[in-house]
Structures are given as C-alpha cells and as structure tokens.
Amino acid sequence: MRNIISVERLKKRLPQNNVVIVDVRFDLMDADAGRKAYLHGHLPGAVYMDLNRDLSGKAGKHGGNHPLPDWDLFANKLGKLGISNNTTVVVYDQGNDMFAPRFWWLLDYLGHEKVYLLDGGLDRWVAEGGELTSTVPNLQPTIFRRNEKENRYVDMEEVKEKLESEETTIIDSRAPARYLGDEEPMYARAGHIPGAVNYFWKGVLKENGTWKNEEQLREHFSKLDKDAEIIVSCGSGVSACPNILALDNAGFKNVKLYPGSFSDWISYEKNEVAIGEEDE
C-alpha cells in the first residue's frame, strides 16, 4: 500500500540522508500528553509536531475544533524542521492512530508526495526491537515551497448545497455510537450531518491493527460509487484523514475533506442534525 512503511523498511532507510521523521502523537483529552511522550522517548532523529499548535489553525466560532492551519506558517514550520520539497518524510503515531494521516493529508495537499506513515507507529517500532531516545535532534532548516492541489477540501456551505445530490456521498468517520447520536462526549449536539453514511475510520485497519491492503480497502468501500464525489468528515477533520488515505489507495479519485466536519456543522444553529441510521 502506498504511503505506508514498515518498521523493517524504515530501519533500512534510517542511515540515508534527506529523511525526516515526524512524531505527531497526541491525546484529544490531554493536549500536552503527546509532547511529553515525545520528550520522554521517540524514534532516533524524530522531530515533533503538535495537532493543536502545528497541524491546525486557531479555533473560532465557526470552522470546527481543528481548522486547517495557515498555509504560509505551516510551510515555514516544515522548512524549519528540515523538510524541503525533496525530503522523504516518515510520520508516526503511538500506534495506527488518526494524527499521522492528518499530517499526511496536509503535506499531500501542499503537493508533497514522499510522505509515509509508519505502520503500527511507535508501539510496533518498540515491539520489533527499535530503540528510543530522549535526545532532541539538531535541525538543519531549509525551504519548503507550497504547491497546493485543487479541489481537495470543502466548507460548510458546499456541503449544505450537496446534501441532496446523487452525485455526492458524505462520509462520517466517527465511531458508530457518535454517528447514531447514542453518545457525544465532545460536542453540545449529538448525531450526524443529514444524509451522511458511516464508515468508522478504524475500519481501514486489520484486526491486528495494521493497515489493510489495497484489495481489502476496495472491498471495504465497495458500496461507494468510484465516479461520485466523496466528501469525508468526522468530528473536526482529523479522523476523516485515515479514510481519505484509504480511499486514495482503493482507487477513488474525487475525494475531499470537510475540515470543520461535525463540530463546524453544529456551530450553525439552523443546520439540522440527523439521529439514527441513514438509508444507503
């Protein structure tokens, strides 16, 4: 599967130049936990990027809990970490979590192709004998130039316009209980965007927690029309990204992120919210 690298392959690549490893571990319930974990122990040479401070913009009344970052600022941060347009980047979570795919999506949108997720994250690295260090690397700043791809994300108004379109499918990537409205631990309203279908983001992983291969992903998304536009949402544009990466590997070409997702949708009081199952 493209954009996924095994521990074994990464170990072989580590001696090579022009490879930057990025640690993006994060805990939505404890914003400092990821940074503390990085300082306690990380892959040799890895730098850290924070979901709230680096991979997102400042949250406001609208736009969701994790709006997209300011692109000039984000590109500048990449350059300061030693990431140029020619750098091979490997990103990892604690395991196969949602934050590494968010980082992949941001770089993919900016036109950077050589971004790989470490399959199994830090947990598998350790399980397969990989060493950890608390040493923060000395960085060699460079320049990262933006080259945005077109039509990769949508706003609330565009989602609203396409709710009734037979040519657009809206995916909600959250856990089924949150999609159905049975529970909502983070937001003031429960349920989902009317018409959205539920593909829990962890469905792109095998039972052992590793990524499914391309054939398995094609089967997973077999009910979706490959010719249709697919808008992927979640709570705040983070757990949607594993689904986007999986759809890309399954051969879907017209896939877009709704960055604000449900947290943005419900920030507009007039927007309706659906409860229960949707007819597929």
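One can find the structure itself at the top, above this paragraph.
To start, this report covers the structure provided alongside it. (Residues numbered from 1 in each chain as written. Predicted model: local features only at pLDDT ≥ 70, side-chain atom pairs only at ≥ 80, totals over all residues. Heavy atoms only, no water.)

1. What to know about the overall build of the protein chain
- Across its full length, the protein chain holds ten helices and nine strands.
- In terms of C-alpha radius of gyration, the protein chain reaches 18 Å, essentially the compact-globule figure of 19 Å for 280 residues.
- Along the first, second and third principal axes, the C-alpha set of the protein chain runs to 50 × 40 × 35 Å.
- Expressed as a percentage of its 280 residues, the buried residues of the protein chain come to 51%.
- Taking the contacts inside the protein chain whose residues are at least 6 apart along the sequence as the reference set, 76% of them involve residues at least 24 apart. (Helix = DSSP H or I, 4+ residues; strand = E, 2+ residues; numbered from the N terminus. Rg over C-alpha atoms; globule rule 2.2 N^0.38 Å. Buried < 20%, exposed > 50% of the residue type's maximum accessible area, 1.4 Å probe, protein only. Contact = heavy atoms within 4.5 Å.)

2. Some remarks on the sheet that holds strand β4 (residues 88–92)
- Ordered by their spatial adjacency, five strands build an open sheet running β1-β5-β4-β2-β3, and the pairing between neighbours is parallel. In the strand order of this sheet, the two ends are held by β1 (4–5) and β3 (47–48), each with one partner.
- Sheet topology places strand β2 (residues 19–23) next to β4; five bridges connect them, and they run parallel. By the bridge assignment, Asp23 is partnered in β4 with Tyr92.
- Across the sheet, helix α4 (residues 99–109) touches β2, β4 and β5 (115–118), and the angle it forms with β5 is around 175°. (Pairing = 2+ DSSP bridges. Axes fitted to C-alpha atoms, helices over the stretch in contact; angles between N-to-C directions.)

3. Regarding the packing of α4 against helix α9 (residues 240–249)
- Running from N to C, α4 and α9 cross one another at 60°; their axes reach a closest spacing of 7 Å. By the criterion of interaxial angle, the relationship of α4 to α9 is oblique. With respect to the hand of their crossing, α4 and α9 are arranged in left-handed fashion. Where α4 abuts α9, its residues Pro101, Arg102, Trp104 and Trp105 lie against Cys241, Pro242, Ile244 and Leu245.
- In terms of residue class, the contact of α4 with α9 is made up of seven nonpolar, no polar and one charged. (Parallel < 35°, antiparallel > 145°, perpendicular 65-115°, else oblique. Left-handed = near helix turned anticlockwise from the far one by under 90°. Nonpolar A, V, L, I, M, F, W, Y, C, P; charged D, E, K, R; others polar.)

4. Describing the packing of helix α3 (residues 71–80) against α4
- Axis separation between α3 and α4 bottoms out at 12 Å; the angle between their running directions is 105°. The orientation of α3 with respect to α4, classified from their angle, is roughly perpendicular. Of the residues in α4, those in contact with Trp71, Phe74 and Leu78 of α3 are Phe103, Trp105, Leu106, Leu107 and Tyr109.
- Of the residues in the contact of α3 with α4, the class split is eight nonpolar, no polar and no charged.

5. Notes on the pairing of strand β8 (residues 229–233)
- The buried count for β8 comes to five of five residues, which makes it a mostly enclosed element.
- Neither face of β8 is open: one carries Glu229, Ile231 and Ser233, the other Ile230 and Val232, and all of them are buried.
- The sheet contact formed by strand β6 (residues 168–172) and β8 spans five bridges and is parallel. Pairing of Ile171 across the sheet is with Val232, part of β8.
- Pairing geometry for β8 and strand β9 (residues 255–257), over three bridges, is parallel. Bridge pairing in β9 links Val232 to Leu257.
- Regarding topology, α9 serves as the crossover connection from β8 to the parallel β9, and that connection is right-handed. (Right-handed = clockwise from strand over helix to strand, strands pointing away.)

6. Description of the packing of aromatic side chains
- One pass over the structure, following the stated rule, counts eleven aromatic pairs.
- With 4.8 Å between their ring centres and 40° between their planes, Trp71 and Tyr109 make a pair best called tilted. You can see Trp71 sitting in helix α3 and its partner Tyr109 sitting in helix α4, a full 38 residues away along the chain. Accessibility assignment for this pair places Trp71 and Tyr109 in one class, buried. (Phe/Tyr/Trp six-rings, centres within 6.5 Å; stacked < 30°, edge-to-face > 60°.)

7. Structural notes on the environment of Gly95
- Take Gly95: it is sitting in the loop between β4 and α4.
- Assessed through its relative accessible area of 19%, Gly95 is described here as buried.
- A sequence separation of 159 residues divides Gly95 from Asn254, and the C-alpha atoms of the two residues are 28 Å apart.
- With sequence-adjacent residues up to four places away left out, Gly95 is seen in contact with Gly120, Gly121 and Asp123.

8. Structural notes on α4
- For α4, the tally of buried residues reaches eleven of eleven residues, placing the bulk of the element in the interior.
- For α4, every residue scored as buried is listed here: Phe99, Ala100, Pro101, Arg102, Phe103, Trp104, Trp105, Leu106, Leu107, Asp108 and Tyr109.
- Structurally, α4 contributes buried residues whose contacts are with β2, α3, β4, β5, α9 and β9.
- Taken from the residues just after α4, Gly111 is the one with a positive phi, measuring 90°.

9. Quick look at the nonpolar core
- If you look at the biggest cluster of nonpolar residues, it comprises 69 residues, and the most contacted ones within it are Val22, Phe74, Phe103 and Trp105.
- Among the elements that make up this core, the one with the highest residue count is α4 (eight residues).
- Setting aside residues no more than four positions away along its own chain, Phe103 makes contact with Val22, Val24, Met49, Leu55, Phe74, Leu78, Val89, Val91 and Val115.
- Judged by nonpolar contacts, the second largest core, of twelve residues, contains Val154, Met156, Ile170 and Phe262. (Core = buried A, V, L, I, M, F, W, Y, C linked by side-chain atoms within 4.5 Å.)

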